[in-house]
Amino acid sequence: MSPISLTRYLIEEQQAGRICADLRLLIEVVARACKTISIAVGKGDLGGVLGDAGTPGAASINIQGEAQKKLDVLSNEILLETNAWGGHLAACASEEMDHSQPIPDRYPKGNYLLVFDPLDGSSNIDVNVTVGTIFSVLRCPEGVSAPGDEHFLQPGTAQVAAGYAAYGSSTMLVLTVGHGTHAFTLDREVGSFILTRRDIRIPEETKEFAANASNQRHWEAPMQRYVAEMLAGKQGPRGKDFNMRWVASMVADVHRIMTRGGIFTYPLDAKNTAQGGKLRLLYEANPMALLVEQAGGAASTGRMRMLDVQPEKLHQRVPVFLGSKHEVEYAVALHRAHDAGG
Ligand code: AHG
Ligand code: MN
Ligand code: MN
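One structure accompanies this document, and this report is about it. Note that the structure is predicted; figures quoted are calculated from it, not measured. (Residues numbered from 1 in each chain as written. Chains lettered and ligands numbered in written order. Predicted model: local features only at pLDDT ≥ 70, side-chain atom pairs only at ≥ 80, totals over all residues. Heavy atoms only, no water.)

Re the site of ligand 1
Selection criterion: We call a residue near a molecule or strand as soon as one heavy atom of that residue lies within 4 Å of the molecule or strand. Identification of polar contacts relies on pairs of N or O atoms within 3.5 Å, with a donor-acceptor requirement for protein atoms, meaning one able to donate a hydrogen and the other able to accept it, and with residues adjacent in sequence counted only if both atoms are side-chain atoms. Think of a 1 Å grid over just the protein atoms. A cavity is a set of points where a 1.4 Å probe fits yet cannot get out, a pocket is an open set with protein on both sides within 12 Å along at least five of seven lines, and lining residues have an atom within 4 Å of a point. To qualify as sitting in a cavity or pocket, a molecule needs more than half of its atoms within 2 Å of the grid points. Helix and strand definitions follow DSSP, with helices as H or I runs of at least four residues and strands as E runs of at least two, each counted in order from the N terminus.
Close contacts around ligand 1 come from 18 residues, with D120, S122, N212, M250 and Y266 the closest. In this structure, G121 approaches ligand 1 through a main-chain N or O atom, which is 2.9 Å from an oxygen atom. Separating an oxygen atom of ligand 1 from a side-chain N or O atom of W246 is a distance of 2.9 Å. When atoms are counted within 2 Å of each cavity's grid points, the one that captures over half of ligand 1 is the largest pocket. Put simply, the parts of the chain that give the shell around ligand 1 at least two residues each are β5 (112–120), β13 (263–266) and β14 (279–280). Examining the composition of the shell around ligand 1, we find that 3 residues originate from one element, β5, more than from any other.

Brief notes about the sheet that holds β5
As a reminder, the rule being used: When DSSP finds two or more bridges between two strands, those strands count as paired. Any two residues whose heavy atoms approach within 4.5 Å are treated as being in contact. Fitted lines through C-alpha atoms serve as axes, helices being fitted only where they are in contact, and the angles separating the N-to-C directions of these axes extend from 0 to 180 degrees.
Pairing in this open sheet of 8 strands is mixed, and the strands run β4-β3-β5-β6-β7-β8-β9-β10 from one edge to the other. In the strand order of this sheet, the two ends are held by β4 (101–102) and β10 (192–197), each with one partner. By the bridge criterion, 2 bridges tie strand β3 (residues 89–94) to β4 in an arrangement that is antiparallel. The partner of C92 across the bridge, within β4, is Q101. Contacting β3, β4, β5 and β6 (131–139), helix α3 (residues 70–84) runs over the sheet at an angle of about 155 degrees to β5.

Points about empty space enclosed by the protein
Worth spelling out the cut-off: Grid points are joined across faces, edges and corners, and a volume is the space filled by probe spheres set on the points. In the scheme used here, Gly and all other residues not listed as nonpolar or charged are polar, with Ala, Val, Leu, Ile, Met, Phe, Trp, Tyr, Cys and Pro taken as nonpolar and Asp, Glu, Lys and Arg as charged.
Using the criterion set out here, one finds 1 cavity of 30 Å³ or more in the structure. Of the volumes computed, that of the largest cavity is approximately 30 Å³. Residues of the lining of the largest cavity, tallied by class, amount to 4 nonpolar, 3 polar and 1 charged.

Describing the packing of aromatic side chains
Inclusion rule: Whether two aromatic rings pair depends on their centres lying within 6.5 Å, for rings of Phe, Tyr and Trp, where Trp uses its six-membered ring; planes under 30 degrees apart make the pair stacked, over 60 edge-to-face, and the rest tilted. Accessibility here uses a 1.4 Å probe with only protein chains present; expressed as a share of the type maximum, an area under 20% marks a residue as buried, one over 50% as exposed, and anything in between as partly exposed. Lysine and arginine charges are scored as sitting over a ring when NZ or CZ, respectively, is within 6 Å of the ring centre and within 35 degrees of the ring normal.
Tallied over the entire structure, the rule returns 4 aromatic pairs. Look at Y226 and Y330: their rings are 6.3 Å apart centre to centre, the planes differ by 40 degrees, and that puts the pair in the tilted class. With Y226 in helix α4 (residues 221–231) and Y330 in helix α7 (residues 325–339), the pair connects residues that are 104 residues apart, well separated along the chain. Among the residues examined, Y330 registers a relative accessible area of 26% and is labelled partly exposed. A network of ring pairs unites the aromatic residues W246, F264 and Y266 as a single cluster. Above the ring of Y330, the side-chain terminus of R238 is found at 4.0 Å from the ring centroid.

Describing the layout of surface pockets
Using the following cut-off: How far each domain reaches was decided by an automatic or database domain assignment.
If you add up the space inside the largest pocket, you get close to 420 Å³. Surrounding the largest pocket, 24 residues form its lining, G121, S122, S123, A248 and K278 being those nearest its centre. Of all the secondary-structure elements, those providing two or more residues to the lining of the largest pocket are β5, α5 (250–260), β13 and β14. Per-element tally for the lining of the largest pocket: the top contributor is β5, with 3 residues. Grouping the amino acids of the lining of the largest pocket by side-chain chemistry returns 8 nonpolar, 6 polar and 10 charged. Counting the residues that make up the lining of the largest pocket, at least three belong to each of domain 1 (6–197) and domain 2 (208–339).

Here it is in structure tokens:
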């Protein structure tokens, strides 16, 4: 059978009545932007794209208070520029921008909102380790002609599409439009994404977890117990040995889970309690949660289903537990027991 390109997959989804033409075009355009980012990432040192943005001694800082890398800024510009003129968007919001940005008046406007983490895993850019782009598509509320930040504050269940591109040894796009999670690999010679894994299923059981263990002393009690039980291995209450992995690019860690299962955690800890967590709800946790649920996994804050969280701020942060269903349920049960005084 001839390979199925992203274009063909999306046309067939449209023919099946699962997406409209505008959403199809929007996803095509986001995929095009990801190809451009992939080329910039792939050039590395030769492209002059490594290192911090800003001037020496005065790195530019984003709204999160984090120093921006050149590739953070470049990827943000590529996504904004590529998506500005297509006519399917009303506004964009990004990790790298203080506020959402309406589509400029000189371009036609559409009915969707796009929110993204242009370059996830910034700490890995300079060391040639996988980084990625994460995106989420929402509907612009009816009757809103000039969308602002407040119109992005929709729970994850309202997402009409979500995905990520992983810029690794190959470039992959992992996508859901609400009917399963599918992976496409970039054919660099042809320049198109080819469907390589239809209907990803995350195994319900796992023996692998992802956590930044250097934060262990700051974790809340249920996370302390959860990891201690896993580290106790066969002799402990879980009765099996666990393996640990931490890439520090959420995209790469989630992609591993899409491939062989596992649980990804970024819990509440003493350093991030005031902010509500480390990872951002709208452009990290929610799109990943939809992708994981559509692949048969689960995603939670530890205390509630991620997709049900009602956002209050554009850059809101949340604790994250996602991946293999039974493992996420176990971590949630420990939180419940702890909160109940158990
Ligand atoms: P970003 O580069 O977009 O700011 O995101 C980084 C995130 C996420 O990708 C990763 O899982 C986590 O931060 C890594 O955190 P630590 O540096 O604390 O390990
Ligand atoms: Mn990120
Ligand atoms: Mn980022």
